[in-house]
Amino acid sequence: MTNADDMPVLRMQGICKRYPGVAALTDVRLDVHAGEVHVLMGENGAGKSTLMKILSGATRRDAGDIFVDGRPADIRTPRHARTLGISIIYQELNLIPHLSVAENISLGHAPRTPLGQVLGIVDRRALRARATQLLGELGVDIDPATPVRELGLAQQQMVEIAKALADHARILIMDEPTSALTGVEVEQLFAAVQRLTARGTAIVYISHRMEEVFRIGHRVTVLRDGRYVDTLPIADASIPRLVKLMANRELTDHYPRRAAVRGAEILRVDRLSRRGILHDVSFTLHAGEVLGLAGLVGAGRTELARAIVGADRADGGHVTIKGRPADRRSPRAVIASGLGFLPEDRKQHGLVLGLSVQKNIALPNASRLAWCGVVRGRDERAQASRWIDELRIKTPSGDQHALHLSGGNQQKVVLAKWLAGRADIFIFDEPTRGIDLAARWDIYALMNRLVEQGAGVLMISSELPEVLGMSDRILVMRQGRVCAELHGADRTEARVLQAALGVAS
Amino acid sequence: MTPVAAPHWSARLARSGRQLGTLAGLVALCLLLWALTPFFLTTSNLLNVLEQTSINAIVAVGMTFVIISSGIDLSVGSIVALAGVILGSALQAGWPVPLAIAAALAVGTVCGLVNGVLITAGRLPPFIATLGMMSVARGLALMYAEGRPISGFAEPFRQLATGRVLGIPAPVLITAGLYVFAHFVLARTVFGRYTYAIGGNEEASRLSGIAVRPYKTAIYGVSGLMSAGAAVILTARLNSAQPTAGVMYELDAIAATVIGGTSLLGGEGTLVGALIGALIMGVLRNGLNLLGVSSFVQQVVIGVVIIGAVLIDTALKRRRA
């Protein structure tokens, strides 16, 4: 589908971007041809997002040239990028929930009735027709009159793509589009992607999932530490080669789980219930074990975690922490008894992005670092330095705002919060979601170390290989209930899936 | 890999750069007025400006805490009035000065705490809770004073406004002392730290084990306390407590805070900025008076300055992002 002799529809070269204290991009280049799926790979913090922000006009480059169809394009604003035919679909979708699918698709340039050209009256029939046509081109069946809020995530994504098509997008950027999709939905997305490339649309596709890269990619460009590494046709790529390019080191074993000595019971959850969400959930967690919690999205795993830490009220049931009944009226008491919670959404729930790394680490234990209510700056700084070193958090200093760190490093800051707070029971909700390989490795190694030191870890994960690879025991949840507990040789992909889907073996 | 021991220079510059900018604005304003009128740069006029600014500056201390915590307090002006008439009537009833002042401060603090409880336990938006308190406190002040000013106090109390130490008026010294103390609280204590954290991300703060509700309630208590403090100085200066005092003080305090670089979205801001902001407003008013500009035009100018300051701030922030 790609022809190397063609003029690339997009060429970026010599792109540089600095943030205070960090060089986000240094002399990066990217060529994209019409009709190709060009995969952009790299660890978190490699500069993928920054490069795409520059391309879509969300941020400005410090240096470098961009050519669209061979003509220089000094992209200044998102609007400017769109007029050049460049559209981006973010992980967080940008639709207006109470407007209909058709209205969202034509947002900003709705067709007008003849009289409405002057008065601004929208031609509802044309609006619908355009939506129907564009959705048809994508091969999806959604009623254009449906309000967007009633759609699932996958359908909303299709609406976003249709919206980009309505903008006459010729270069479509997709940032980890499959991260929240189920298997069937992923297939639908890929089918739509193929229809798009067949009509000549160029797609810049960011993903961490190797299997996807090989399924739909034509060429792949790898970035590392803000620099261009290589571009290769997918036929020349292999998983080990890509991993080596990204990480500059070979990762052989993804799941370095080492068994530790199972100790005393440290957390007991007894018939925990929340109307319509959790039903009589009971389990125990022991010192020295990683307890995996598997299940489909929406099975109630995050809700269970939040009920245990006291973030949400439960209607019934008990939680016992180290033999003492837990006071779950607020997270405060639960945390004081030694529990650390790594939330699924680290930006919304894990960090105060506007505070420095150092202050974030001190959040749960500022009182311990204080004398008569005055925080001892030296101790706080020493604590931050210690954990920045130990967890290898990439930051110019503890004074850097958490906002400026990459996803993996932000996650490590959340971890440091709890480690500095001396927690010994951990609830990790999707600890490696959206995190690059090296940071993942660090987090797995840390989990090993924690359980060896006698902590217990409850790990919620939607990635089956991770659950299977890291857990000593696996709980499976379905529709708010624990429907299976798997030990030893029972811990197989098939058994977990059967339980999660509720199908007989 | 070893992190730097001291704050990174670029981060430190970026942080203080905002304040330097506001300070430069203040200096430029002073230079302009110096050039325009010979009366501006005299010791007596400058001390006069500082003294006049002190009331707004004290109210702005509490407002800064509230706005950093991502809230707003519209009731400060009415609390100034209520605390003032309580103080005035206590003094006239022959209470000892310290006791009368303590009563006024207590009333102000309680009003603030009620705001806090309505916002945390009652889950009201701060705008609504304090809008209600604005009306309630004003009404209580008018009821208590039966709509009339309470005037004429003994000399020991008036010393709070008229007294001078080394030639510096007492209100200026009190304000300076308050700012030093409040700055320390905000920058160095757990309370200050949590004020920023709650304003920056309340849910993450809660999930980090911070007792969000008590802290938030206390923050509004601080605002009420500061309003009452301003009432003490105001009453001493005017030698009169008026139930109609303090109208529009909330807007002056918000303006001072915002000119000083505190974001209404919460999570950032400093008292140094708020102080500079209050001084800019004070110098501007004084200068316009000296130049004989009518009070109608003054309102326009001040409005333009507030908008201009925030416009510049927003533009600078966008360029940094």
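The structure displayed is predicted, hence computed values, not measured ones.

> Can you help me understand the overall build of chain B in this one?
Tallying secondary structure elements over chain B gives 13 helices and four strands in all. Over its C-alpha atoms chain B spans a radius of gyration of 20 Å, differing by no more than 12% from the 20 Å that the globule rule assigns to 321 residues. For chain B, with 321 residues in total, the buried portion stands at 51%. Expressed as a percentage of contacts within chain B between residues at least 6 apart in sequence, the contacts between residues at least 24 apart total 78%.

> Quick question: what am I supposed to make of the overall build of chain A here?
Each helix and strand in chain A was counted, giving 18 helices and 22 strands. Across its three principal axes, chain A shows a C-alpha extent of roughly 70 × 50 × 45 Å. Across the 505 residues in chain A, those meeting the buried criterion constitute 49%. Considering only contacts within chain A whose residues lie at least 6 apart along the sequence, 69% involve residues at least 24 apart.

> Help me out: how do you make sense of the sheet that holds strand S13 (residues 290–295) of chain A in this one?
Sheet strands associate in pairs through backbone hydrogen bonding, adopting either a parallel or an antiparallel arrangement. All names here are of chain A. Sheet architecture is open: six strands sit in the order S16-S19-S20-S13-S21-S22, paired in mixed fashion. Two strands in the sheet have a free side with no partner beyond their single neighbour: strand S16 (339–342) and strand S22 (481–486). Strand-to-strand twist of the sheet, defined as the mean angle between neighbouring strand axes without regard to direction, takes the value 20°. Across five bridges, strand S21 (residues 473–478) lies against S22 in antiparallel orientation. Among the inter-strand pairings, Ile-474 is bridged to a residue of S22, identified as Leu-486. Helix H16 (residues 437–452) contacts S13, strand S19 (425–429) and strand S20 (456–460) of the sheet and is inclined by roughly 145° relative to S20. The strands touched by helix H18 (residues 493–501) are S13, S21 and S22; relative to S21, the strand with the most contacts, the crossing angle is about 25°.

> What's the story with helix H1 (residues 48–55) of chain A in this structure? I'm lost.
Because each turn of an α-helix spans 3.6 residues, side chains separated by three or four positions in sequence point in the same direction. Residues and elements named next belong to chain A. In terms of burial, H1 is largely enclosed, as eight of its eight residues are buried. Turning to H1, its buried residues number three or more, namely Lys-48, Ser-49, Thr-50, Leu-51, Met-52, Lys-53, Ile-54 and Leu-55. At the exit of H1 stands Gly-57, carrying a positive phi of roughly 85°.

> What is the right way to look at the interface of chain A and chain B in this model?
A common way to express how large an interface is: the accessible area buried when the components associate. Residue-level contacts link 36 residues of chain A with 29 residues of chain B. Elements with a minimum of two residues in the side of chain A that touches chain B: helix H11 (331–336), helix H12 (346–350), strand S18 (374–375) and helix H14 (377–390) of chain A. Looking at which element gives the most residues to the side of chain A that touches chain B, the answer is H11 of chain A, with four residues. Along the lines of polarity and charge, the residues of the side of chain A that touches chain B split into 19 nonpolar, 11 polar and six charged.

> Before we go on, may I ask you to explain helix H3 (residues 76–92) of chain B in this structure?
With 17 residues, H3 of chain B extends 24 Å between its outermost C-alpha atoms, agreeing within 8% with the 24 Å of an ideal straight helix rising 1.5 Å per residue. Phi turns positive one or two residues past the end of H3 of chain B, at Gly-94 of chain B, with a value near 90°.

> Explain the domain arrangement of chain A here, please?
All names here are of chain A. Per the domain assignment, the segments making up chain A are domain 1 (10–247), domain 2 (253–338 + 424–505) and domain 3 (352–416). Inter-centroid distance (C-alpha atoms) of domain 1 to domain 2 is 35 Å. Contact with domain 1, which involves seven residues of that partner, is made by six residues of domain 2. Per-class residue counts for the side of domain 1 that touches domain 2 are three nonpolar, two polar and two charged.

> For this particular structure, what's the right way to read the sheet that holds strand S12 (residues 278–286) of chain A?
All names here are of chain A. Spatial strand order, S12-S11-S14-S15: four strands in an open sheet with antiparallel pairing. Since the sheet does not close on itself, it has two edges, and those belong to S12 and strand S15 (324–325), each with one partner. Bridge count for strand S11 (residues 265–274) against strand S14 (residues 316–321) is five bridges, and the pairing is antiparallel. Bridging across to S14, Val-269 finds its partner in Val-319.

> I'm lost on the nonpolar core in this one. Help?
For soluble globular proteins, nonpolar side chains are generally found buried alongside one another. Val-457 of chain A together with Leu-82, Leu-87 and Ala-104 of chain B are the most contacted members of the largest nonpolar core, which totals 177 residues. Considering every element that reaches this core, the biggest residue donor is helix H10 (residues 212–238) of chain B, with 15 residues. Shared between two domains, this core holds at least three residues of each, these being domain 2 (253–338 + 424–505) and domain 3 (352–416) of chain A. Among all residues touching Ala-104 of chain B, those that are not within four sequence positions of it are Ala-83, Ile-86, Leu-87, Ala-228, Ala-231 and Val-232 of chain B. Counting 65 residues, the second largest nonpolar core, distinct from the first, contains Val-32, Val-39, Ala-46 and Ile-171 of chain A.

> Help me out: how do you make sense of the packing of helix H6 (residues 153–166) of chain A against helix H7 (residues 183–198) of chain A in this one?
What describes two packed helices is the angle between their axes and the distance between those same axes. Residue and element names in this part refer to chain A. Where H6 contacts H7, the axes come no closer than 10 Å and their chain directions differ by 10°. By the angle between their axes, H6 is roughly parallel relative to H7. You can see that H6 and H7 cross each other, and the crossing is right-handed. Together, Ala-154, Gln-157, Met-158 and Ile-161 of H6 and Glu-185, Gln-188, Leu-189 and Ala-192 of H7 make up the contact between the two elements. Grouping the amino acids of the contact of H6 with H7 by side-chain chemistry returns five nonpolar, two polar and one charged.

> How should I be thinking about unusual backbone geometry in this particular structure?
Trans is the common state for peptide bonds, and a negative phi is the common state for residues other than glycine. One non-glycine residue, Gln-479 of chain A, lies in positive phi territory at about 50°. Along the chain, Gln-479 of chain A turns up in the loop between S21 and S22. Positive phi is not limited to glycine here, since Glu-146 of chain B has a value of about 50°. Tracing the chain through its elements places Glu-146 of chain B in the loop between helix H5 (126–144) and strand S1 (150–151). The class of Glu-146 of chain B is exposed, set by 9 C-beta atoms lying within 10 Å.

> Before we go on, may I ask you to explain the environment of Pro-169 of chain B in this structure?
All names here are of chain B. The residue Pro-169 is located in strand S3 (residues 168–169) in this model. For Pro-169, a count of 20 C-beta atoms within 10 Å puts it in the buried group. A sequence separation of 10 residues divides Pro-169 from Gln-159, and the C-alpha atoms of the two residues are 9.6 Å apart. If sequence neighbours within four positions are ignored, Pro-169 has contacts with Leu-47, Glu-51 and Arg-164.

> Can you help me understand the environment of Arg-381 of chain A in this one?
All names here are of chain A. Of note, Arg-381 is situated in helix H14. You can call Arg-381 buried: it has 20 C-beta atoms within 10 Å. In sequence terms Arg-381 and Tyr-228 are 153 residues apart; their C-alpha atoms lie 35 Å from each other. Non-local contacts of Arg-381, meaning those with residues more than four positions away in its chain, are made with Gln-358 and Gly-398.

> I would appreciate a short explanation of the confidence of the model for chain B in the present structure.
Low pLDDT marks regions whose predicted coordinates should not be analysed in detail. Residue and element names in this part refer to chain B. Averaged over chain B, the pLDDT score is 90; the fraction of residues at 70 or greater is 93%. By mean pLDDT, helix H1 (residues 9–36) is the weakest element of chain B at 77, and helix H4 (residues 97–120) is the strongest at 97. Confidence over residues 1–6 falls short of pLDDT 50; this stretch has eight contacts with residues more than four positions distant or in other chains. For this predicted complex, the interface confidence score (ipTM) comes to 0.84, while the overall pTM stands at 0.76.

> What's the story with the packing of helix H2 (residues 43–68) of chain B against H10 of chain B in this structure? I'm lost.
Residues and elements named next belong to chain B. Look at H2 against H10: their axes get within 8 Å of each other, and the N-to-C directions meet at 175°. One element, H2, and the other, H10, form an angle in the roughly antiparallel class. Between H2 and H10, the residues in contact are Ser-54, Ile-55, Ile-58, Val-59, Val-61, Gly-62, Met-63, Phe-65 and Val-66 and Ile-219, Tyr-220, Val-222, Ser-223, Leu-225, Met-226, Ser-227, Gly-229, Ala-230, Ile-233 and Leu-234, respectively. Class assignment of the residues belonging to the contact of H2 with H10 gives a composition of 15 nonpolar, five polar and no charged.

> So what exactly am I meant to see when it comes to the pairing of strand S8 (residues 202–206) of chain A here?
A regular strand places its side chains on the two faces of the sheet in alternate fashion. Residue and element names in this part refer to chain A. Most of S8 sits inside the fold, with four of its five residues counted as buried. Note: strand S3 (residues 37–41) against S8, four bridges, orientation parallel. In the strand pairing of S8, Val-39 is matched with Tyr-205. Pairing between strand S7 (residues 171–175) and S8: five bridges, direction parallel.

Conventions and cut-offs
Residues numbered from 1 in each chain as written. Chains lettered and ligands numbered in written order. Predicted model: local features only at pLDDT ≥ 70, side-chain atom pairs only at ≥ 80, totals over all residues. Helix = DSSP H or I, 4+ residues; strand = E, 2+ residues; numbered from the N terminus. Rg over C-alpha atoms; globule rule 2.2 N^0.38 Å. Buried ≥ 20, exposed ≤ 12 C-beta atoms within 10 Å, placed from the backbone. Contact = placed C-beta atoms within 7 Å. Pairing = 2+ DSSP bridges. Axes fitted to C-alpha atoms, helices over the stretch in contact; angles between N-to-C directions. Nonpolar A, V, L, I, M, F, W, Y, C, P; charged D, E, K, R; others polar. Expected span 1.5 Å × (residues − 1). Domains from an automatic or database assignment. Core = buried A, V, L, I, M, F, W, Y, C linked by C-beta atoms within 7 Å. Parallel < 35°, antiparallel > 145°, perpendicular 65-115°, else oblique. Left-handed = near helix turned anticlockwise from the far one by under 90°. pLDDT = per-residue confidence, 0-100.

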